[in-house]
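Listed here are the chains, written in short residue letters.
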Amino acid sequence: MESYNQKIILENSNITLYIKREDQIHPYVSGNKFRKLKYNLVQAQKENKDTLLTFGGAFSNHILAVAAAGKEYGFKTIGIIRGEELEDKISENPTLKKAQEFGMFFNFISREDYRNKSSVVFTEKLKEKFGDFYLLPEGGTNDLAVKGCEEILTENDKEFDYICCAVGTGGTISGIINCSRDNQKVLGFPVLKNDFLPEDICRFAKNTNWELVSNFHFGSYGKVTNELIDFINRFYQNHEIPLDPIYTGKMVYGVLDLIENKWFPEQAKILMIHTGGLQGIAGMNKLLKQKNQTEIITHD
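So, here is what we can say about the structure in this document.

Moving on, we come to a negative patch on the surface. A cluster of like negative charges, contributed by Glu-84, Glu-87, Asp-88, Glu-112 and Asp-113, occupies part of the molecular surface. Along the polypeptide, Glu-112 turns up in helix H4 (residues 111-114). You can call Glu-112 exposed: its relative accessible area is 58%.

Here is the structure:
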């Protein structure tokens, strides 16, 4: 599926800025989640697997995307969810409630057990409990996911000098790096404090034309501030483009801050990648409402 580039009008600037609307690829399997799952679903079919098993937290974009993809392509889906206390709160959680509607079966485990999710012993216990399945890692990043993300950039994007994206597990930026041109610089905006990110990216990325801009995480993964929420709302009002508060909102804030502070050279052409994740707004708004804080304007 193809996304499209939408121009952002900047006042008093000679910078050219566009955003690639990967968020509009699919209502639930959107943005980088569509890219990451594409070839994994093909591989699962090749292996004659009828069940997808994966991991995630309370408001995981990945969990909902796997559930939706499973429903659409005929797979059973199992979500190993971090936090036993969530089991009795599915109806209160927009992400888990929707994933359940798509047919996903949940297994809620403690945070301590969740830390062992990548171990062979833990995987074997899951196979004993659930039988044969196709395993998708938390966040969906593996070799096939990176292959899918290598299709984010197209021939139409060769004119850009800078490609910018949010960074979680490093899979999306790795694919973008691999499909970027030598004359392009890929800028990643980490959404969490993770000293191991460069190492993770180097596992998959073939090129060296990239850099991480690490001071726009707003306190780490899942953390937001009033300043960020206000920015997201102003951006939507000005450009009619919704941003999620966990990933793309932080990246766009960072890019515009760098532009304002003359970080980019004169006449630079910049492309920002909208990686989706808009479903997470509902869950974030519930938390903001509980704290009597400004909520994110929804685009429904």
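Having put the structure on the table, let's press on.
Okay, the sheet that holds strand S6 (residues 134-135) next. Strands sit in the order S5-S4-S3-S6 across an open sheet of 4 strands; the sheet is parallel. Here the strands that pair on one side only, and so sit at the sheet edges, are strand S5 (105-109) and S6. Summarising the sheet, strand S3 (residues 51-56) and strand S4 (residues 76-82) pair through 6 bridges and their orientation is parallel. Counterpart to Leu-53 in the pairing with S4 is Ile-78. Packing of helix H5 (residues 120-130) onto the sheet brings it into contact with S3, S4, S5 and S6, and relative to S5 it is tilted by some 135°.

This next bit is on the side chain of Arg-21. Turning to its location among the elements, Arg-21 is positioned in strand S2 (residues 16-21). According to the relative accessible area criterion, Arg-21 is buried, its value standing at 3%. A distance of 2.8 Å separates a polar atom in the side chain of Arg-21 from a polar atom in the side chain of Gln-6. In this view, Arg-21 contacts Ser-3, Tyr-4, Gln-6, Ile-241, Pro-242 and His-274; residues no more than four positions away in its chain are not counted.

Attention now moves to the pattern of salt bridges. One pass over the full model with this rule turns up 13 salt bridges. Residue Glu-85 pairs with Arg-111 through a salt bridge whose shortest N-O separation is 3.0 Å. Of this pair, Glu-85 sits in the loop between S4 and helix H3 (94-101) while Arg-111 sits in helix H4; the two residues are 26 residues apart in sequence, bridging distant segments of the chain. On the basis of relative accessibility, which here comes to 37%, the residue Glu-85 falls in the partly exposed class. Taking the shortest distance from any N to any O, the salt bridge between Lys-117 and Glu-138 comes out at 3.3 Å. Placement of Lys-117 in the loop between H4 and H5 and of Glu-138 in the loop between S6 and helix H6 (143-149) is noted, with a sequence separation of 21 residues between them. Accessibility expressed as a relative area gives 18% for Lys-117, which makes it buried. Take Glu-138: its relative accessible area is 30%, and that puts it in the partly exposed class. Beyond isolated ion pairs, a larger network of salt bridges with shared partners links Glu-47, Lys-49 and Asp-132.

A positive phi angle, close to 60°, is found at Asn-48, a residue other than glycine. Here Asn-48 lies in the loop between helix H1 (31-46) and S3. Taking the relative accessible area as the measure of exposure, Asn-48 reaches 69% and is therefore exposed. If you check the backbone angles, Asn-292 has positive phi at about 55° while not being a glycine. Among the structural elements, Asn-292 can be located in the segment after helix H11 (280-290).

Further remarks concern the pairing of S5. Extensive coverage of S5 is indicated by the burial of 4 of its 5 residues. Sheet topology note: the S4/S5 ladder contains 5 bridges and is parallel. Its bridge partner lying in S5, Ile-80 is registered against Asn-107. Each parallel crossover has a hand, and for S4 linked through H3 to S5 it is right-handed.

To characterise two packed helices, one gives the angle between the axes of the helices and the distance between these axes. Running from amino to carboxyl end, helix H9 (residues 226-239) crosses helix H10 (residues 248-260) at an angle of 85°, the nearest separation of the two axes being 10 Å. Of the possible angle classes, the one that applies to H9 and H10 is roughly perpendicular. Contacts between H9 and H10 involve Glu-227, Leu-228, Phe-231, Ile-232 and Phe-235 on the former and, on the latter, Gly-249, Lys-250, Val-252, Tyr-253 and Leu-256. Looking at side-chain class alone, the contact of H9 with H10 contains 7 nonpolar, 1 polar and 2 charged residues.

Turning our attention to the nonpolar core. Counting residues in each nonpolar core, the largest one holds 38 residues, and the members touching the most others are Phe-189, Val-252, Val-255, Phe-264, Ile-270 and Met-272. Listed by contribution, the elements that provide at least two residues to this core are S2, strand S7 (162-167), strand S8 (185-190), H9, H10, strand S10 (269-274) and H11. Counting residues per element, this core draws most heavily on H10, at 7 residues. Beyond its immediate stretch of four places on either side in the chain, Met-272 contacts Ile-8, Leu-17, Tyr-18, Ile-19, Lys-20, Cys-164, Met-251, Val-252 and Val-255. Ranked by size, the runner-up nonpolar core spans 27 residues in total, among them Leu-41, Phe-75, Ile-90 and Phe-102.

As a further point, take the packing of aromatic side chains. Geometry of an aromatic ring pair is reported as the spacing of the ring centres plus the angle between the planes. Applying the stated rule across the entire model yields 15 aromatic pairs. Pairing Tyr-28 with Phe-102 gives two aromatic rings, centres 5.1 Å apart and planes at 75°, and the pair type is edge-to-face. Of this pair, Tyr-28 sits in the loop between S2 and H1 while Phe-102 is found in the loop between H3 and S5, placing the two residues 74 residues apart along the sequence. The exposure class assigned to Tyr-28 is partly exposed, which follows from its relative accessible area of 31%. A residue is classified by how much of its surface remains accessible, and Phe-102, at 18% relative accessible area, is buried. Ring geometry for Phe-106 versus Phe-108: centroids 5.6 Å apart, planes at 55°, classification tilted. For Phe-106, a relative accessible area of 9% gives the class buried. Among the aromatic residues, ring-to-ring pairing joins Phe-189, Phe-216, Phe-218, Phe-231, Phe-235 and Tyr-253 into one connected group. The side chain of Arg-82 reaches across the aromatic face of Tyr-114, ending 5.2 Å from its centre. Taking NZ or CZ as reference, Lys-147 lies 4.3 Å from the ring centre of Tyr-39, over its face.

Rules used in this analysis
- Residues numbered from 1 in each chain as written.
- Predicted model: local features only at pLDDT ≥ 70, side-chain atom pairs only at ≥ 80, totals over all residues.
- Heavy atoms only, no water.
- Patch = residues over 30% accessible without salt bridge, like charges linked within 9 Å, V, L, I, M, F, W, Y side chains within 5 Å.
- Areas by Shrake-Rupley, 256 points an atom, 1.4 Å probe, with all protein chains shown as cover.
- Salt bridge = Lys/Arg side-chain N within 4 Å of Asp/Glu carboxyl O.
- Lys, Arg positive; Asp, Glu negative; His and termini not counted.
- Charge placed at Lys NZ, Arg CZ, Asp CG, Glu CD.
- Helix = DSSP H or I, 4+ residues; strand = E, 2+ residues; numbered from the N terminus.
- Buried < 20%, exposed > 50% of the residue type's maximum accessible area, 1.4 Å probe, protein only.
- Pairing = 2+ DSSP bridges.
- Contact = heavy atoms within 4.5 Å.
- Axes fitted to C-alpha atoms, helices over the stretch in contact; angles between N-to-C directions.
- Polar contact = N/O pair within 3.5 Å; in protein donor to acceptor, adjacent residues only side chain to side chain.
- Right-handed = clockwise from strand over helix to strand, strands pointing away.
- Parallel < 35°, antiparallel > 145°, perpendicular 65-115°, else oblique.
- Nonpolar A, V, L, I, M, F, W, Y, C, P; charged D, E, K, R; others polar.
- Core = buried A, V, L, I, M, F, W, Y, C linked by side-chain atoms within 4.5 Å.
- Phe/Tyr/Trp six-rings, centres within 6.5 Å; stacked < 30°, edge-to-face > 60°.
- Lys NZ or Arg CZ within 6 Å of the ring centre and 35° of its normal.

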